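The chain contents come next:
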Amino acid sequence: MAPFFYIFVPIFSSFLLKGNGVSQRHMEVGLFFLASASMFLLLGFRGHDVGTDTPNYYLSFFRIGDAESYLDVRYEPAYVFLSMAIDSLGFGPEIMIAACSLIICLVIFLRSMV
(Lines give C-alpha, C1' and ligand atoms only; values in the text may rest on other atoms or scores of the structure.)
Protein backbone atom coordinates (compact mmCIF):
# COMPACT_ATOMS: atom_id res chain seq x y z
CA MET A 1 0.00 0.00 0.00
CA ALA A 2 2.79 2.43 0.87
CA PRO A 3 4.47 2.32 -2.58
CA PHE A 4 1.11 2.94 -4.20
CA PHE A 5 0.57 5.91 -1.88
CA TYR A 6 3.98 7.40 -2.69
CA ILE A 7 3.41 7.00 -6.42
CA PHE A 8 -0.27 7.92 -6.65
CA VAL A 9 -0.38 11.06 -4.48
CA PRO A 10 2.39 13.04 -6.26
CA ILE A 11 1.17 12.08 -9.74
CA PHE A 12 -2.46 12.90 -8.97
CA SER A 13 -1.48 16.15 -7.24
CA SER A 14 0.72 17.24 -10.12
CA PHE A 15 -2.22 16.93 -12.52
CA LEU A 16 -4.35 19.04 -10.20
CA LEU A 17 -1.70 21.72 -9.73
CA LYS A 18 -0.58 21.87 -13.34
CA GLY A 19 -4.00 22.81 -14.65
CA ASN A 20 -4.36 25.74 -12.24
CA GLY A 21 -1.48 27.84 -13.55
CA VAL A 22 0.81 27.12 -10.58
CA SER A 23 4.48 27.93 -11.12
CA GLN A 24 7.04 25.14 -11.32
CA ARG A 25 8.66 26.12 -8.01
CA HIS A 26 5.34 26.16 -6.15
CA MET A 27 4.47 22.80 -7.65
CA GLU A 28 7.79 21.32 -6.53
CA VAL A 29 7.33 22.67 -3.01
CA GLY A 30 3.76 21.40 -2.88
CA LEU A 31 4.69 17.93 -4.09
CA PHE A 32 7.61 17.72 -1.70
CA PHE A 33 5.32 18.81 1.13
CA LEU A 34 2.86 16.05 0.19
CA ALA A 35 5.68 13.51 0.15
CA SER A 36 6.91 14.76 3.54
CA ALA A 37 3.40 14.67 4.99
CA SER A 38 2.83 11.14 3.75
CA MET A 39 6.20 10.10 5.19
CA PHE A 40 5.14 11.61 8.53
CA LEU A 41 1.86 9.71 8.48
CA LEU A 42 3.61 6.42 7.73
CA LEU A 43 6.35 6.94 10.31
CA GLY A 44 4.44 8.71 13.04
CA PHE A 45 1.43 6.48 13.32
CA ARG A 46 2.98 3.07 12.95
CA GLY A 47 2.07 0.20 15.24
CA HIS A 48 4.11 -0.68 18.28
CA ASP A 49 5.18 -3.96 16.67
CA VAL A 50 6.42 -2.38 13.43
CA GLY A 51 10.19 -2.18 13.13
CA THR A 52 12.91 -3.29 15.48
CA ASP A 53 13.34 0.01 17.32
CA THR A 54 9.71 0.94 18.11
CA PRO A 55 9.48 -1.23 21.26
CA ASN A 56 12.63 0.51 22.51
CA TYR A 57 10.98 3.91 22.04
CA TYR A 58 8.01 2.73 24.09
CA LEU A 59 10.34 1.41 26.78
CA SER A 60 12.35 4.64 26.89
CA PHE A 61 9.16 6.68 27.22
CA PHE A 62 8.10 4.69 30.26
CA ARG A 63 11.63 4.78 31.77
CA ILE A 64 11.71 8.55 31.46
CA GLY A 65 8.22 8.79 32.95
CA ASP A 66 9.24 6.65 35.94
CA ALA A 67 12.45 8.59 36.62
CA GLU A 68 12.50 11.02 39.52
CA SER A 69 14.61 13.56 37.66
CA TYR A 70 15.67 14.15 34.11
CA LEU A 71 19.23 13.63 35.31
CA ASP A 72 18.45 10.02 36.27
CA VAL A 73 18.14 8.83 32.68
CA ARG A 74 20.83 8.65 30.05
CA TYR A 75 19.07 9.92 26.95
CA GLU A 76 19.39 13.09 24.89
CA PRO A 77 18.21 16.06 26.99
CA ALA A 78 15.82 17.34 24.31
CA TYR A 79 14.31 13.86 23.93
CA VAL A 80 13.87 13.63 27.71
CA PHE A 81 12.20 17.05 27.94
CA LEU A 82 9.90 16.28 25.00
CA SER A 83 9.00 12.94 26.56
CA MET A 84 8.33 14.54 29.94
CA ALA A 85 6.19 17.25 28.35
CA ILE A 86 4.10 14.72 26.44
CA ASP A 87 3.76 12.55 29.54
CA SER A 88 2.72 15.53 31.68
CA LEU A 89 0.02 16.39 29.13
CA GLY A 90 -1.40 12.89 29.62
CA PHE A 91 -0.44 11.42 26.27
CA GLY A 92 1.27 8.10 25.69
CA PRO A 93 4.26 6.83 23.73
CA GLU A 94 2.29 6.83 20.48
CA ILE A 95 2.19 10.63 20.56
CA MET A 96 5.90 10.70 21.40
CA ILE A 97 6.70 8.68 18.28
CA ALA A 98 4.42 10.93 16.21
CA ALA A 99 6.04 14.08 17.65
CA CYS A 100 9.56 12.80 16.93
CA SER A 101 8.54 11.83 13.40
CA LEU A 102 7.00 15.27 12.87
CA ILE A 103 10.19 16.99 14.01
CA ILE A 104 12.32 14.81 11.72
CA CYS A 105 10.05 15.38 8.71
CA LEU A 106 9.92 19.13 9.34
CA VAL A 107 13.70 19.35 9.54
CA ILE A 108 14.07 17.38 6.31
CA PHE A 109 11.42 19.52 4.60
CA LEU A 110 12.81 22.86 5.79
CA ARG A 111 16.42 21.87 5.13
CA SER A 112 15.65 20.84 1.57
CA MET A 113 13.84 24.13 0.87
CA VAL A 114 16.99 26.17 1.55
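The structure this text deals with has already been given above.
Residues numbered from 1 in each chain as written. Predicted model: local features only at pLDDT ≥ 70, side-chain atom pairs only at ≥ 80, totals over all residues. Heavy atoms only, no water.

(A) Expanded view of the layout of surface pockets. One number sums up the size of the largest pocket: a volume of about 160 Å³. Its residues placed into classes, the lining of the largest pocket shows seven nonpolar, one polar and one charged. (1 Å grid on protein atoms, 1.4 Å probe; cavity = no way out; pocket = protein on both sides within 12 Å on 5 of 7 lines; lining within 4 Å. Points joined across faces, edges and corners; volume = space filled by probe spheres on them. Nonpolar A, V, L, I, M, F, W, Y, C, P; charged D, E, K, R; others polar.)

(B) Structural context of the side chain of Ser101. Positionally, Ser101 belongs in helix α5 (residues 93-112). With near-sequence residues (within four places) excluded, Ser101 lies in contact with Phe40, Leu43 and Gly44. (Helix = DSSP H or I, 4+ residues; strand = E, 2+ residues; numbered from the N terminus. Contact = heavy atoms within 4.5 Å.)

(C) Representation of helix α4 (residues 77-88) in the model. When the terminal C-alpha atoms of α4 are compared, their 16 Å separation across twelve residues agrees well with the 16 Å that a helix rising 1.5 Å per residue should span. Of the positions making up α4, those classed as buried are Tyr79, Val80, Ser83 and Ile86. The buried residues of α4 occupy an angular sector of 135 degrees when projected down its axis, which confines them to one face. Residues of α4 that are exposed and angled more than 90 degrees away from the buried face: Ala78 and Ser88. Looking at the buried side of α4, the elements it contacts are α3 (54-66) and α5. Trailing α4 by a residue or two, Gly90 shows a phi angle of about 95 degrees, which is positive. (Expected span 1.5 Å × (residues − 1). Buried < 20%, exposed > 50% of the residue type's maximum accessible area, 1.4 Å probe, protein only. Arc of directions from axis to C-beta.)

(D) Examining the nonpolar core more closely. If you look at the biggest cluster of nonpolar residues, it comprises eight residues: Phe61, Ile64, Val73, Tyr79, Val80, Ile86, Met96 and Ala99. Every element with two or more residues in this core is listed here: α3, α4 and α5. Considering each element in turn, this core owes the most residues, three residues, to α4. (Core = buried A, V, L, I, M, F, W, Y, C linked by side-chain atoms within 4.5 Å.)

(E) Layout of a nonpolar patch on the surface. Judged by side-chain polarity, Tyr70, Leu71, Phe81 and Met84 come together as a nonpolar surface patch covering roughly 420 Å² of accessible area. Along the chain, the position of Leu71 falls in the loop between α3 and α4. (Patch = residues over 30% accessible without salt bridge, like charges linked within 9 Å, V, L, I, M, F, W, Y side chains within 5 Å. Areas by Shrake-Rupley, 256 points an atom, 1.4 Å probe, with all protein chains shown as cover. Salt bridge = Lys/Arg side-chain N within 4 Å of Asp/Glu carboxyl O.)

(F) Local environment of α3. In this model, α3 (13 residues) spans 19 Å end to end at C-alpha, consistent with the 18 Å of a helix rising 1.5 Å per residue. Among the residues of α3, Thr54, Tyr58, Ser60, Phe61 and Ile64 are the ones counted as buried. All buried residues of α3 lie within an arc of 165 degrees about the axis, which places them on one face of the element. On its buried side, α3 packs onto α4 and α5.

(G) The arrangement of the environment of Ser83 in detail. Among the secondary structure elements, Ser83 is positioned in helix α4. Separated by 14 residues in the primary sequence, Ser83 and Ile97 have C-alpha atoms spaced 9.6 Å apart. Here Ser83 is in contact with Phe61, Ile64 and Met96, once residues within four sequence places are set aside.

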